[in-house]
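# A look at the structure
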Amino acid sequence: MALDNAPSWQPLLAPEFDKPYMQALKGFLAERKAQRVTIYPHSQDWFHALEATPLEQVKVVIIGQDPYHQPGQAHGLCFSVRPGVRVPPSLVNIYKELQSDLGIVPVNHGYLESWARQGVLLLNAVLTVEESSANAHQGKGWEQFTDRIIHLVNEQCDHVVFMLWGSYAQKKGAFIDRNKHLVLKAPHPSPLSAHRGFLGCRHFSQANAWLQAQGRKAIEWQLPAQVASTH
């Protein structure tokens, strides 16, 4: 467990690794591995969101709940799956909203790396899960760690758009300074709730208009048509 590949975050988050909650989390994960439980994503990708999006480059934060729990899906960015994996239902709805909001034609993959490389922090609240067992690692300590990440963005960055989809993300982002940042709220894009107001929320165009009004570069939400895994 280390942030060697995320140098901008490392000095600010390093103290967390010595705290009791993180020691307990490390112990729990080691114990589950010793019991030969399959944990997703691979440990090298636990902090991939931080590696792909340095702190000083954060423009947009999207908060997910926990990683996908089937083989080959999760790689450390919320809502994203590796190339070649079927696009999950929530992401299908995100693509639908992008199309109606910005006219962006959906691609046939779910690999969101290009967003992350432009400053979209794709952060799950819980960074690990067990195979075929959603929320298996909820309440084990990750939430405290990811709260710290959101606090750091709130404190250290200026003019960031927080897209809070669903009540879970909205609770997690309740403390964000709205004088400094733009907070956009909508129901979760999952098929269970997307029709209650996620579809039609126009968050992507609102985010770009606001970023440009603050003198920041807009996000190119159009994903590349062809991708190969870059990490």
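Residues numbered from 1 in each chain as written. Predicted model: local features only at pLDDT ≥ 70, side-chain atom pairs only at ≥ 80, totals over all residues. Heavy atoms only, no water.

### Regarding the packing of helix H4 (residues 89–102) against helix H8 (residues 203–213)
- The interhelical angle for the contact between H4 and H8, taken along N-to-C directions, is 60 degrees, at an axis separation of 8 Å. It follows that H4 is oblique to H8 by the angle criterion. Counted together, Ile94, Glu97, Leu98, Asp101 and Leu102 of H4 and His203, Phe204 and Ser205 of H8 form the full contact between these two elements. (Axes fitted to C-alpha atoms, helices over the stretch in contact; angles between N-to-C directions. Helix = DSSP H or I, 4+ residues; strand = E, 2+ residues; numbered from the N terminus. Parallel < 35°, antiparallel > 145°, perpendicular 65-115°, else oblique. Contact = heavy atoms within 4.5 Å.)

### Digging into the sheet that holds strand S2 (residues 60–64)
- One open sheet accounts for four strands, arranged S3-S2-S5-S6; its pairing is parallel. Of all the strands in the sheet, just strand S3 (120–124) and strand S6 (182–186) have a single pairing partner and so form its edges. Looking at each pair of strands side by side, their axes are set apart by 20 degrees on average, direction ignored.
- Strand direction decides the pairing type here: S2 and S3, joined by five bridges, are parallel. From the neighbouring strand, Ile62 faces S3, where its bridge partner is Leu122.
- Here H8 sits on the sheet and contacts S2, strand S5 (161–165) and S6; the angle it forms with S5, its principal contact strand, is near 165 degrees. (Pairing = 2+ DSSP bridges.)

### Topic: the environment of Ser8
- Positionally, Ser8 belongs in the segment before helix H1 (10–13).
- Linking Ser8 and Val87, residues 79 residues apart in sequence, is a C-alpha distance of 31 Å.
- Other than its neighbours up to four places away in sequence, Ser8 contacts Pro54, Leu55 and Glu56.

### Description of the packing of aromatic side chains
- Scanning the model with the defined rule gives twelve aromatic pairs in all.
- On the basis of an interplanar angle of 70 degrees and a centroid distance of 5.5 Å, the ring pair of Phe17 and Phe145 is categorised as edge-to-face. You can see Phe17 sitting in the loop between H1 and helix H2 (20–34) and its partner Phe145 sitting in helix H6 (residues 142–156), a full 128 residues away along the chain.
- Note on Phe145: relative accessible area 0%, which makes it buried.
- Considering the side-chain rings of Trp115 and Phe204, the 6.4 Å spacing of their centres and the 45 degrees angle between planes classify their relative orientation as tilted. Of this pair, Trp115 sits in helix H5 (residues 113–117) while Phe204 is found in helix H8, placing the two residues 89 residues apart along the sequence. Accessibility assignment for this pair places Trp115 and Phe204 in one class, buried. (Phe/Tyr/Trp six-rings, centres within 6.5 Å; stacked < 30°, edge-to-face > 60°. Buried < 20%, exposed > 50% of the residue type's maximum accessible area, 1.4 Å probe, protein only.)

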